[in-house]
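What follows is each chain in one-letter form.
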Amino acid sequence: MELTHEEVGAKYVSTNVWGAKRTQFISIDDNGEIFRKRHYDERLGWHESTVSRQAVREDLITRLTRSSSQATDRSHGVPVDKPDTFSVKPARKLRMH
């Protein structure tokens, strides 16, 4: 049996009263030290920036260790019932979106 290695990226989706927000992290160098951070907001569209591995780590730790989803924030008149989601996907699939 042969195992193959495929480049992967991370995807975090949060929904709030203004719509979905998607954040993707995709490695852009061979060492996995530099990442493209792609952020999508339904009101503003896509925004991309280049970030370090440490920045990705800190961002994901912050998002994944929250005691509750931002989607359930009761400061707005109509809270969203959909929980935040996190997934790891092949980088080629993330680039297509």
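The structure we're discussing is the one just above.
Draft legend 1. Expanded view of the sheet that holds strand β1 (residues 8-16). Within the open sheet, the five strands sit side by side as β4-β3-β2-β1-β5. Their pairing is antiparallel. Edge positions in the sheet fall to β4 (45-52) and β5 (85-90), since each has one partner strand and no second. Across the sheet, the mean angle separating the axes of adjacent strands is 20 degrees when strand polarity is ignored. One ladder, built from eight bridges, connects strand β3 (residues 34-41) with β4; its direction is antiparallel. Among the inter-strand pairings, Ile34 is bridged to a residue of β4, identified as Ser52. Seen against the sheet, helix α1 (residues 53-64) touches β1, β2 (19-27), β3, β4 and β5 and runs at an angle of roughly 120 degrees to β4.

Draft legend 2. The pattern of salt bridges, seen in detail. On inspection of all chains with the given rule, the structure shows seven salt bridges. Lys37 serves as the salt-bridge partner of Asp59, at 3.0 Å between the closest nitrogen and oxygen. Pair noted here: Asp59 is in helix α1 and Lys37 is in strand β3, with a separation of 22 residues, a long-range link. A salt bridge links Asp41 to Arg43, with the nearest nitrogen and oxygen atoms 3.6 Å apart. When its relative accessible area of 48% is taken as the criterion, Arg43 is described as partly exposed.

Draft legend 3. Here's a closer look at the layout of surface pockets. The computed volume of the largest pocket comes to approximately 230 Å³. Lining the largest pocket we find 16 residues, and of these Glu7, Val8, Gly9, Ser27 and Phe35 sit closest to its centre. Of all elements in the fold, only β1, β2, α1 and β5 reach the threshold of two or more residues within the lining of the largest pocket. Here the lining of the largest pocket gets three residues from one element, more than from any other, and that element is β1. Among the residues forming the lining of the largest pocket, the class breakdown is eight nonpolar, four polar and four charged.

Thresholds applied
- Residues numbered from 1 in each chain as written.
- Predicted model: local features only at pLDDT ≥ 70, side-chain atom pairs only at ≥ 80, totals over all residues.
- Heavy atoms only, no water.
- Pairing = 2+ DSSP bridges.
- Helix = DSSP H or I, 4+ residues; strand = E, 2+ residues; numbered from the N terminus.
- Axes fitted to C-alpha atoms, helices over the stretch in contact; angles between N-to-C directions.
- Contact = heavy atoms within 4.5 Å.
- Salt bridge = Lys/Arg side-chain N within 4 Å of Asp/Glu carboxyl O.
- Buried < 20%, exposed > 50% of the residue type's maximum accessible area, 1.4 Å probe, protein only.
- 1 Å grid on protein atoms, 1.4 Å probe; cavity = no way out; pocket = protein on both sides within 12 Å on 5 of 7 lines; lining within 4 Å.
- Points joined across faces, edges and corners; volume = space filled by probe spheres on them.
- Nonpolar A, V, L, I, M, F, W, Y, C, P; charged D, E, K, R; others polar.

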